[in-house]
Amino acid sequence: MFNLLAAEKIKLSRSKKLMIVIGIFLLLPIIQVVNTQLNVSNGKELVQAVDTVINGASGILMIDKNGLTILLVISAFISFFIGEEFQNGTIRNALSLGRSRMHYYLSKLATAAIVSLLGVFVLTAMGMISFSIVFGFGSVAEISNYLPYAMKTFSTLYLLILANVSVYVMISFQTKNSGVSMVWCFLYTIATGFLPDIFQQTENFKHVSDWFTETFLFYYDFASIEGLATYPEMNLVSLITILLSSTLGIILFNRTDIK
């Protein structure tokens, strides 16, 4: 397992795909703070509930502000990262050396999780720094003890992202093709992002939307007391999603014929 992770580290150190991902997450906050400053200069009043990030303190919500973009970028990275192993036939090299399929799957999942963590950390840090420079650090309304709030919020938001990462890994291992995987990952992201809004309009199916991690990511306010109260539920749904998708992915991969 550790040898597989070491091999993944070497591959990523030479990969342009990782640099592209980090580059996007590095530049996105800068573009957004410039755009926000232009809006303020034109007379717009920033409202945290609408604009999500309005100062350095609320920069901890950069993952929430850019949820869809993060998921699309990460899903594209994972699709190529795993799909190319099948398309180039390099997956056979690892399996032919006696590596178990479960360990191989978990090494890809762990690598995707680490890349995602690095990406959202860069995004959040750059968001807090850039918005602090332009608008000051400030504070988050209704939050008196900022540090515990920031730590809980970042970890909860990352866990929501990680739940989707585990699904993308499962999809990529089943499609075995970068392009096909990317299409299915995009469709999954869009569907689970917008279907919950439809369910929210019906009384009988309203509770179904609470089992989609993107419901929390897209429709909940992480800067409100009500939002804070749902953190345990968010974490539970995320962990269940990770467990189920990873288990199903490993089972299906073990049955897959590698040609």
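Each residue is numbered by its place in its chain's sequence as written, counting from 1. Given that the model is predicted, a residue must reach a pLDDT of at least 70 before its local features are reported, and side-chain atom pairs must reach 80 or more before they are shown or counted; all residues, however, enter totals for whole chains, interfaces and linings. Side-chain metrics rest on all non-hydrogen atoms present in the structure, leaving aside hydrogens and water.

### Describing a nonpolar patch on the surface
- A surface patch of nonpolar side chains, amounting to about 530 Å² of accessible area, comprises Leu26, Leu27, Ile30, Ile31, Val34 and Leu38.
- Secondary structure elements follow DSSP: runs of H or I of four or more residues count as helices, runs of E of two or more count as strands, with numbering from the N terminus. The residue Ile30 is located in helix H2 (residues 16-41) in this model. Like-charged residues are merged into a patch within 9 Å and nonpolar side chains (Val, Leu, Ile, Met, Phe, Trp, Tyr) within 5 Å, provided each residue has over 30% relative accessible area and no salt bridge. Residue-level accessible areas treat just the shown protein chains as cover; the underlying method is Shrake-Rupley with a 1.4 Å probe. The term salt bridge refers to a pairing of a side-chain nitrogen on Lys or Arg with a carboxyl oxygen on Asp or Glu at a separation within 4 Å.

### Overview of the environment of Ile240
- Looking at where Ile240 falls in the secondary structure, it is placed in helix H12 (residues 231-254).
- On a C-alpha basis, the gap between Ile240 and Trp211 in space is 9.3 Å, while along the polypeptide they are 29 residues apart.

### Some remarks on the environment of Arg99
- Looking at the secondary structure, you find Arg99 in the loop between helix H6 (90-96) and helix H7 (101-135).
- With 96 residues separating them along the chain, Arg99 and Asn3 place their C-alpha atoms 9.6 Å apart.
- Discounting residues that sit within four places of it in the chain, Arg99 has contacts with Asn3, Leu4 and Ala94. Every residue pair with non-hydrogen atoms within 4.5 Å of one another is taken to be in contact.

### Observations concerning the packing of aromatic side chains
- To pair, rings of Phe, Tyr and Trp, with the six-membered ring standing in for Trp, must have centres within 6.5 Å; the planes then decide the type, stacked if under 30 degrees apart, edge-to-face if over 60, and tilted in the middle. Enumeration according to the criterion identifies 15 aromatic pairs in this entry.
- When the centroid spacing of 5.5 Å and the interplanar angle of 80° are considered together, the rings of Phe137 and Tyr146 count as edge-to-face.
- For every residue, the accessible area obtained with a 1.4 Å probe (protein chains only) is divided by the maximum for its type, and the residue is called buried under 20%, exposed over 50%, and partly exposed between those limits. According to the relative accessible area criterion, Phe137 is partly exposed, its value standing at 38%.
- Relative to Tyr231, the ring of Phe222 has its centre 5.9 Å away and its plane inclined at 45°; by these criteria the two rings are tilted. For the pair Phe222 and Tyr231, one class covers both residues: buried.
- Three or more aromatic residues joined by ring pairs form one cluster here, namely Phe86, Tyr104, Tyr105, Phe173 and Phe253.
- Lysine NZ or arginine CZ positioned within 6 Å of the ring centre and within 35 degrees of the ring normal marks a charge as sitting over the ring. Sitting above the plane of the Phe253 ring, Arg101 keeps its charged end 5.3 Å from the centroid.
- A cation over a ring is seen here: Lys108 above Phe81, with NZ or CZ 4.3 Å from the ring centre.

### Here we look at the side chain of Ser238
- By the element assignment, Ser238 lies in helix H12.
- What makes Ser238 buried here is its relative accessible area of 0%.
- Those residues in contact with Ser238 that sit more than four places away from it in its chain are Leu159, Leu160, Ala163 and Thr213.

### What about H12?
- The first and last C-alpha atoms of H12 sit 34 Å apart over 24 residues, in line with the 34 Å expected at 1.5 Å per residue.
- Turning to H12, its buried residues number three or more, namely Tyr231, Met234, Val237, Ser238, Thr241, Ile242, Ser245, Ser246, Gly249, Ile250 and Phe253.
- Where the residues of H12 are buried, they touch helix H5 (67-87), H6, H7, helix H8 (146-175), helix H10 (213-219) and helix H11 (225-229). A helix's residues, less one, multiplied by 1.5 Å, set its expected span.

### Structural notes on the pattern of salt bridges
- Applying the stated criterion across every chain, the model contains 3 salt bridges.
- Residue Lys17 pairs with Glu84 through a salt bridge whose shortest N-O separation is 3.3 Å. Here Glu84 lies in helix H5 and Lys17 lies in helix H2, a separation of 67 residues in the sequence.
- Salt-bridge contacts for Asp51 lead to Lys44; the nearest nitrogen and oxygen are separated by 2.9 Å.
- Judged by relative accessible area, Asp51 falls into the buried class, the value being 13%.
- For Lys44, a relative accessible area of 37% gives the class partly exposed.

### Description of H7
- Relative to the 51 Å expected for 35 residues at 1.5 Å per residue, H7 spans 50 Å between its end C-alpha atoms, a close match to the ideal helical length.
- Directly beyond the C-terminal end of H7, a positive phi value near 85° is found at Gly136.

### Description of the packing of H2 against H7
- The convention used is that axes are lines fitted to C-alpha atoms, helices contributing only their stretch in contact, and that angles between N-to-C directions extend from 0 to 180 degrees. Two elements in contact, H2 and H7, have axes whose closest approach is 9 Å; the angle formed by their N-to-C orientations is 25°. When the axis of H2 is compared with that of H7, the two are roughly parallel. Along this stretch, H2 crosses H7, giving a crossing that reads as right-handed. Mapping the contact onto sequence places Leu18, Ile22, Phe25, Leu26, Leu28, Pro29, Ile30, Gln32, Val33, Thr36, Gln37 and Val40 in H2 and Val115, Leu118, Gly119, Val120, Val122, Leu123, Met126, Gly127, Ser130, Phe131, Val134 and Phe135 in H7. Roughly parallel means an angle under 35 degrees; roughly antiparallel, over 145; roughly perpendicular, 65 to 115; everything else is oblique. Definitions for this section: a left-handed crossing has its near helix turned counterclockwise from the far helix by less than a right angle. A right-handed crossing has that turn clockwise.

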